[in-house]
Amino acid sequence: MGANVILDRSGTIVSGAFFEFVVEPDMMLLGELADCPDGVLSRLNPPPDEFRNLEEEWLRAQLVGHWSRREFRECPANPEHVTRVSWENLVVELDGGPHVPDVFEVLGGDAHHSVLVSPAFATALRATAFNGYGLTTVRLSSPPKKAAFKKIEHLQFSGRPCLRPLSIVGHPNLCPWCLSNEIVCQSCGMRFWRCPNCRKWPWVAAKNKKAGDKYLVMSPLASLRPSIIEGHRWDGSDFIYGGLDIGHYAPIVTKRVLEWMLSRHTMSFFARPVNIATEKMNPEQLARLEETTAF
């Protein structure tokens, strides 16, 4: 059964310039490499030896307090579409230590893909010419074990989202049940996982499609990777907001950011390749693209 929801791969496609930036526990990062062998795995935290659980010596952060969700609505076709979310005023509980990873994720809550960074990493990043990011100090739920922990910062990816939207083939770009609502915005890429009108799911995996039902068929995740940046929509940022779909769109960095991180032995992260379509890019964007691939 052919898929109705696909990623169109037409155009002039260039690889090697952008990467999804995935921050997870080390064992999950190893799983990412198994699923994507052409990705880049950073240096990992040292493994535990036979006498101690070294993992407990690395700082971890659990989201415990109030935080705010700031929504950005930048869709050129529909001002109601949420294109980017910023999680602000994070309150975390720190556990473990005394060692602080360069980059680590916030566990728990809804602040998906929220990345915390060490004071040393934040200082080094501020000394670069990279753009498209913000750094804010997180609030702690209790006094930290070490004074340096007070300076843990939240890394925000603020470059404008620019991934190519999914396409609908063999069916109108409308809810298959009520035919009254667009299900993938072709301007900003927003997907409606439930139809706002009838509240039904518009698509399922092929294995869950049954004879006679109206569900569209979603392409397997493997066929949706690598994602594609629409080059003419890229604002030139080194740190790009990926998207709102959990697990599909991690934040994105340019090649020069990746190589900078690797040169300073940043740990622990996985970089999954992202392609870019260049045929509609203007000369200024093409020149910027060349800059971002040089380190």
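Quick caveat: nothing in here was measured; it's all calculated off a predicted structure.

## Some thoughts on unusual backbone geometry
Okay, so step 1: With an omega of -5°, the peptide bond between R225 and P226 qualifies as cis.
Okay, so step 2: With respect to the secondary-structure elements, P226 resides in the loop between β15 (216-218) and β16 (228-230).
Okay, so step 3: Although it is not a glycine, N89 adopts a positive phi angle of roughly 60°.
Okay, so step 4: Of note, N89 is situated in the loop between β6 (84-88) and β7 (91-95).
Okay, so step 5: In this structure N89 comes out as partly exposed when scored by relative accessible area, which is 49%.

## Some thoughts on the side chain of R272
Okay, so step 1: When you line up the elements, R272 lands in strand β19 (residues 270-277).
Okay, so step 2: Those residues within four positions of R272 in sequence are excluded, and the remaining contacts are F18, F19, E20, V22, E32, C36 and R225.

## Regarding the packing of aromatic side chains
Okay, so step 1: For the structure on display, the rule yields ten aromatic pairs.
Okay, so step 2: Ring geometry for F18 against W234: centres 5.2 Å apart, planes inclined by 85°, an arrangement best described as edge-to-face. Of the two residues, F18 sits in strand β2 (residues 13-22) while W234 sits in the loop between β16 and β17 (239-240), which places them 216 residues apart along the sequence. Grouping residues by exposure puts F18 and W234 together as buried.
Okay, so step 3: Connected via pairs of aromatic rings, a cluster forms that spans F21, F121, F130, Y133, F157, F239, W260 and F269.
Okay, so step 4: Between the NZ or CZ atom of R84 and the centre of the ring of F72, over which it lies, the distance is 3.7 Å.

## Let's talk about the pattern of salt bridges
Okay, so step 1: If you walk through the whole model with that rule in mind, you get 15 salt bridges.
Okay, so step 2: Among the salt bridges present, the one from R264 reaches D102, with a minimum N-O distance of 3.7 Å. Of this pair, R264 sits in the loop between α3 (255-263) and β19 while D102 sits in the loop between β7 and β8 (103-107), and the two are 162 residues apart along the sequence.
Okay, so step 3: With a shortest N-O distance of 2.9 Å, K209 and D213 are connected by a salt bridge.
Okay, so step 4: Through salt bridges that share partners, D238, R256, R288 and E291 make up one connected network.

## Concerning the nonpolar core
Okay, so step 1: Counting 27 residues, the largest nonpolar core has F18, L166, I229 and W234 as the members making the most contacts within it.
Okay, so step 2: Elements with a minimum of two residues in this core: β2, β15, β16 and β19.
Okay, so step 3: Looking at which element gives the most residues to this core, the answer is β19, with three residues.
Okay, so step 4: Each residue touching F18, except ones within four places of it in the same chain, is listed here: I229, W234, I240, I252, V253, T254, R272, P273, V274, I276 and L289.
Okay, so step 5: Residues V23, W260, M261 and A271 belong to the second largest nonpolar core, which totals 21 residues.

## Details of the environment of P165
Okay, so step 1: Within the secondary structure layout, P165 lies in the loop between β12 (153-157) and β13 (167-168).
Okay, so step 2: Separated by 62 residues in the primary sequence, P165 and S227 have C-alpha atoms spaced 9.5 Å apart.

## Here we look at the environment of H99
Okay, so step 1: Positionally, H99 belongs in the loop between β7 and β8.
Okay, so step 2: In the structure, H99 is positioned 40 residues away from L59 in sequence and 6.0 Å away in space, judged by C-alpha atoms.
Okay, so step 3: If near-sequence neighbours (up to four positions away) are discounted, H99 is found in contact with E57, W58 and L59.

## What to know about the confidence of the model for the protein chain
Okay, so step 1: When the pLDDT values of the protein chain are averaged, the result is 87; 91% of them are 70 or greater.
Okay, so step 2: Every residue in residues 48-54 is under pLDDT 50, and counting partners more than four places away or in other chains gives five contacts.

## Quick look at the sheet that holds strand β4 (residues 60-63)
Okay, so step 1: Strand order in the open sheet formed by seven strands is β10-β12-β9-β8-β4-β7-β11, with mixed pairing between adjacent strands. The outermost strands of the open sheet, each flanked by one partner alone, are β10 (133-137) and β11 (139-140).
Okay, so step 2: As paired strands, β8 and strand β9 (residues 115-117) are joined by three bridges and run antiparallel to one another. What sits directly across from V103, in β9, is V117.
Okay, so step 3: Packed onto the sheet, helix α2 (residues 119-126) meets β8, β9, β10 and β12 and runs at close to 145° relative to β10.

Conventions we followed
Residues numbered from 1 in each chain as written. Predicted model: local features only at pLDDT ≥ 70, side-chain atom pairs only at ≥ 80, totals over all residues. Heavy atoms only, no water. Helix = DSSP H or I, 4+ residues; strand = E, 2+ residues; numbered from the N terminus. Buried < 20%, exposed > 50% of the residue type's maximum accessible area, 1.4 Å probe, protein only. Contact = heavy atoms within 4.5 Å. Phe/Tyr/Trp six-rings, centres within 6.5 Å; stacked < 30°, edge-to-face > 60°. Lys NZ or Arg CZ within 6 Å of the ring centre and 35° of its normal. Salt bridge = Lys/Arg side-chain N within 4 Å of Asp/Glu carboxyl O. Core = buried A, V, L, I, M, F, W, Y, C linked by side-chain atoms within 4.5 Å. pLDDT = per-residue confidence, 0-100. Pairing = 2+ DSSP bridges. Axes fitted to C-alpha atoms, helices over the stretch in contact; angles between N-to-C directions.

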